[in-house]
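Listed below, chain by chain, are the residues.
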Amino acid sequence: MNGSAIIFYGLGALTLVSALLAVTAKKIFRAAIFLLFTLIGVAGIYFWLNYEFIAAVQIVVYVGGIVVMIIFSIFLTQQSGEKLPSPPTRRMVSALVATILGFALAGLQIWQHHFTGDGKIVIEPSVLNIGKRMLGTGDGGYALPFEVVSMLLLAAMIGCIVIAMRSNNKTT
Amino acid sequence: MFLVDYLKDITGAIKSLLTGMRRTGYYFTHHKEIITQQYPDNRDTLKLPERFRGEVVMSHNESNEHRCTGCTACELACPNGTIKVVTKFDISPEGKKKKAVDKFIYHLELCTMCNLCIEACPTDAIRMAQSFEHSVYDRAELTKVLNKPGSKIEEGVE
Amino acid sequence: MWSLSKISGLIDHWLNGKLGSGWASVAEMVIVGLCVIGLFAILGLVLVLMERKVSAWMQIRLGPNRVGPKGLLQSLADTLKLLVKEGLTPDGADKFLFNLAPFVAMIAAMLLMAPIAFAKDFQIWDVNIGVLYITAISSISVIGILMAGWSSNNKYSLLGAMRSGAQIVSYELSAGLSILSIVVLTGSLKVSDIIAAQQNGWWIFKGHVPALIAFVIFIIAATAETNRAPFDLAEAESELTAGFHTEYSGMKFALFFLAEYVNVFIVCAIGATLFLGGWMPFHIGSWEGFNHIMDYIPSSIWFFGKTFFLIFLIMWFRWTFPRLRIDQLLNLEWKYLLPIGMVNIILVTIVAIKGWHF
């Protein structure tokens, strides 16, 4: 086992353990923090793979954006500091069964799939390449999905503004 | 125009911020403006501002005369009973009785240095001194008699 | 001429010869970690003393002048006092998160040290997404504050944490936009490329007015992101007693305090790198003689000089301006900085495409 493998297993353990803690935590704020560590672990694996751009985006979007949003909504709700009651046994059993089934399905897929990549075809994940792909219209370009997604985000933003903006004559 | 107002806002804000920064920048570079007194070190050369109020004293001239007529205006002006004027009656050469101060009692421990007594005094007999090292071991020492023993009222002060 | 890169190269060579490449890299990591911790300690001591002196002189006071010659050992004495203080954990606090929060703040600050070029060829990790990495990691630092605020079980802490969260999340946008304008001009996210592009002049001079506007926006946003006055609502002493670190004492408080000052150093180092050329000496076009003289000043002195100039600027802000109200704070960001930043980035793009910069 070399150093690289040790780092990989460390990151994997961090991700899995904090994911497990996130779903079993009794306090909702703790669950959010463990979710954060899970996401950081995933970002760490991206760094380990030398995909720095994706790792940084993972941190910006999930850690800096979504988890902060979740924490904010936890702050704004009452009783955020109280312990949640432990779920009834029936629900726990069904959750366990669902988890095992999902795990088995994923394991089966990985087991049956023959990984053909020999690790020699390396596409350099530099920002330049990503940018060219993202805005390319030719083969392997993502210009159309990119624009569609930005339209969706624009629509969401306008929707937020409409909800937040109250007309004066109604409220006063 | 909206845009013009917007830009005016920004330039105005930057200007006012720079004005403030120029002031602090001036103080930062001009250390002679520093007003801190390093007190116990410079005790001998300490210079207090003119308006500093340390305690109430009564001024006496060389022939041990003060200007207090014993009118008790200061006693009435004092908001917390710091001053107590004990009066007596002097017999003037013409045989008339005249009110005069016997003991001007001043409780330093009650005084807030508010300056009201000095303003109330019609004859400028009392003033604020600049001494401020008032600590003593016995509280009784803080009660002072301001007119010196054997002092008389100055000639011509009514 | 001496240079730090030669020293690091020598150490690398020696370690590789002694230990073999695997253990040598481990040893180098340990050395780098120790250097970062040492730099943290020194920065904490120097910046706290600097802040106290600067604030004193701006307020016509003397400042610390008792401990050591001219008060130079004051912050060391303070650290000693904090070290021996009891680290209290309040009753009803979430103990695990309460004790974890200062370390999260600290680790985020440490990670930010990686892509900063301290001198010529002297950088911990020249990651190819350098600037994006900085933006990403700096968004982690808000988590430490939120964690501290929530786990203290104190209403002031919670309010402070929420304010600080709202503030950091919104000012990150304009900081990002102004960083982006330099990325547009350089065409690279890599820190070493950005510095190399400023060989014949710093971006603040080369980029004309748009770069200047971006610099001003960056400085304002950086001040807000580090939660310093006039944007210190998160720890407003008069309103929230101390905000998110009300309940902290002893060394845990010191870690927060240190993280704050290190963050100031880091944002100023980033500002110096992006706009003032990092370790690049001051060059004027074709004045060969002048440029040559400037080259004789070591690159690390250039870097630290620029960084400390920016730190002084931020301290100057702090001791001049009164604190903003929360609505003024959000107005400033959403109605002024962000629209200006967006227009500015279009201007920068035009400048970059037309090649109008020198």
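Residues numbered from 1 in each chain as written. Chains lettered and ligands numbered in written order. Predicted model: local features only at pLDDT ≥ 70, side-chain atom pairs only at ≥ 80, totals over all residues. Heavy atoms only, no water.

Draft legend 1. Quick peek at the overall build of chain C. Helix and strand counts for chain C come out as 15 helices and two strands. Along the first, second and third principal axes, the C-alpha set of chain C runs to 65 × 60 × 45 Å. Burial status across chain C gives 53% buried among its 358 residues. Counting contacts in chain C only where the partners sit at least 6 residues apart, residues at least 24 apart contribute 75% of the total. Roughly 15,700 Å² of accessible area belongs to chain C as shown, and the carbon and sulfur atoms make up 71% of that amount. Where the 23 positive side-chain charges of chain C centre and where its 22 negative ones centre are 6 Å apart. (Helix = DSSP H or I, 4+ residues; strand = E, 2+ residues; numbered from the N terminus. Buried < 20%, exposed > 50% of the residue type's maximum accessible area, 1.4 Å probe, protein only. Contact = heavy atoms within 4.5 Å. Areas by Shrake-Rupley, 256 points an atom, 1.4 Å probe, with all protein chains shown as cover. Lys, Arg positive; Asp, Glu negative; His and termini not counted. Charge placed at Lys NZ, Arg CZ, Asp CG, Glu CD.)

Draft legend 2. Region of the structure containing the side chain of Glu55 of chain B. Residues and elements named next belong to chain B. With respect to the helices and strands, the residue Glu55 is situated in strand β1 (residues 55–58). Given the relative accessible area of 10%, Glu55 is considered buried. Among the polar contacts listed, one links the side chain of Glu55 to the side chain of Ser131, at a separation of 2.8 Å. Within polar-contact distance, the side chain of Glu55 engages the side chain of Lys144 at 2.9 Å. Discounting residues that sit within four places of it in the chain, Glu55 has contacts with Tyr106, Leu108, Met113, Arg127, Met128, Ala129, Ser131, His134 and Lys144. (Polar contact = N/O pair within 3.5 Å; in protein donor to acceptor, adjacent residues only side chain to side chain.)

Draft legend 3. Representation of unusual backbone geometry within the structure. Backbone geometry places Asn50 of chain A, a non-glycine residue, at a positive phi of 70°. Assignment of secondary structure puts Asn50 of chain A in the loop between α2 (28–48) and α3 (52–76). For Asn50 of chain A, a relative accessible area of 48% translates into the label partly exposed. Of note, Lys70 of chain C is a non-glycine position whose phi angle comes to about 55°, a positive value. Tracing the backbone through its elements, the reader meets Lys70 of chain C in the loop between α2 (21–58) and α3 (74–84).

Draft legend 4. Seen up close, the environment of Asp44 of chain B. Counting through the fold element by element, Asp44 of chain B comes out in the loop between α1 (2–29) and β1. Separated by 110 residues in the primary sequence, Asp44 of chain B and Glu154 of chain B have C-alpha atoms spaced 34 Å apart.

Draft legend 5. Highlighting the sheet that holds strand β6 (residues 143–145) of chain B. Residue and element names in this part refer to chain B. In spatial order, the strands read β3-β4-β6; together these three strands make up an open sheet with antiparallel pairing. Where the open sheet ends on each side, the last strands, each with one partner, are β3 (83–91) and β6. The average undirected angle you get between the axes of adjacent strands in this sheet is 25°. (Pairing = 2+ DSSP bridges. Axes fitted to C-alpha atoms, helices over the stretch in contact; angles between N-to-C directions.)

Draft legend 6. Summary view of the packing of aromatic side chains. With the rule as written, the count across this model stands at 26 aromatic pairs over all chains. Between Tyr6 of chain B and Tyr336 of chain C the ring centres are 5.1 Å apart and the planes differ by 5°, which places this aromatic pair in the stacked class. With Tyr6 of chain B in helix α1 and Tyr336 of chain C in helix α15 (residues 326–354), this pair bridges two chains. For Tyr6 of chain B, a relative accessible area of 15% puts it in the buried group. With a centroid separation of 6.1 Å and 25° between ring planes, the pair formed by Phe265 of chain C and Phe304 of chain C is classed as stacked. Here the residue Phe265 of chain C occupies a position in helix α12 (residues 250–275), and Phe304 of chain C occupies one in helix α14 (residues 299–318), the gap between them amounting to 39 residues. By relative accessible area, which is 0% here, Phe265 of chain C ends up buried. Of the residues examined, Phe304 of chain C reaches a relative accessible area of 27% and is grouped as partly exposed. The structure contains a cluster of three or more aromatic residues connected by ring pairs, namely Phe118, Phe265, Phe303, Phe304 and Phe308 of chain C. A cation over an aromatic ring shows up here: Arg23 of chain B above the ring of Tyr27 of chain B, its NZ or CZ 4.9 Å from the ring centre. (Phe/Tyr/Trp six-rings, centres within 6.5 Å; stacked < 30°, edge-to-face > 60°. Lys NZ or Arg CZ within 6 Å of the ring centre and 35° of its normal.)

Draft legend 7. Region of interest: the state of the cysteines. Residues and elements named next belong to chain B. Inspection of every chain in the model, using the stated rule, returns zero disulfides over all chains. No disulfide involves Cys78; its sulfur sits 6.1 Å from the nearest other cysteine sulfur, which is in Cys114. Using a relative accessible area of 15% as the deciding quantity, one classes Cys78 as buried. (Disulfide = S-S within 2.5 Å.)

Draft legend 8. Molecular detail of the pattern of salt bridges. All names here are of chain C. Tallied over the entire structure, the rule returns eight salt bridges over all chains. Between Glu51 and Arg228 there is a salt bridge; the shortest N-O distance is 2.8 Å. Highlighted residues: Glu51 in helix α2 and Arg228 in the loop between α10 (208–225) and α11 (237–240), separated in sequence by 177 residues. The two residues Glu51 and Arg228 agree in class, both being buried. With its nearest N and O atoms 3.1 Å apart, the salt bridge here joins Asp78 to Arg52. One end of the pair, Asp78, is in helix α3; the other, Arg52, is in helix α2, with 26 residues separating them in the sequence. (Salt bridge = Lys/Arg side-chain N within 4 Å of Asp/Glu carboxyl O.)

Draft legend 9. Seen up close, the interface of chain A and chain C. Each side of the interface is counted separately: chain A has 26 residues, and chain C has 26 residues. Of the roughly 2,200 Å² buried between chain A and chain C on both sides combined, carbon and sulfur atoms contribute 85%. Taken together, chain A and chain C are joined by zero salt bridges. Taken together, chain A and chain C are joined by zero residue pairs in polar contact (both at pLDDT 80 or more). Elements represented by at least two residues in the side of chain A that touches chain C include exactly α2 and α3 of chain A. For the side of chain A that touches chain C, the leading source of residues is α3 of chain A, giving 14 residues. (Buried area = accessible area lost by both parts, 1.4 Å probe.)

Draft legend 10. The pairing of strand β4 (residues 97–107) of chain B, seen in detail. Residues and elements named next belong to chain B. Summarising the sheet, β3 and β4 pair through nine bridges and their orientation is antiparallel. Residue pairing for β4: Lys84 is matched across the bridge by Ile105. Linking two consecutive strands that pair antiparallel, namely β3 and β4, is a turn of five residues; a positive phi of about 90° is found at Gly95 within it. Pairing between β4 and β6: three bridges, direction antiparallel. Considered in β6, the bridge of His107 is made with Thr143.

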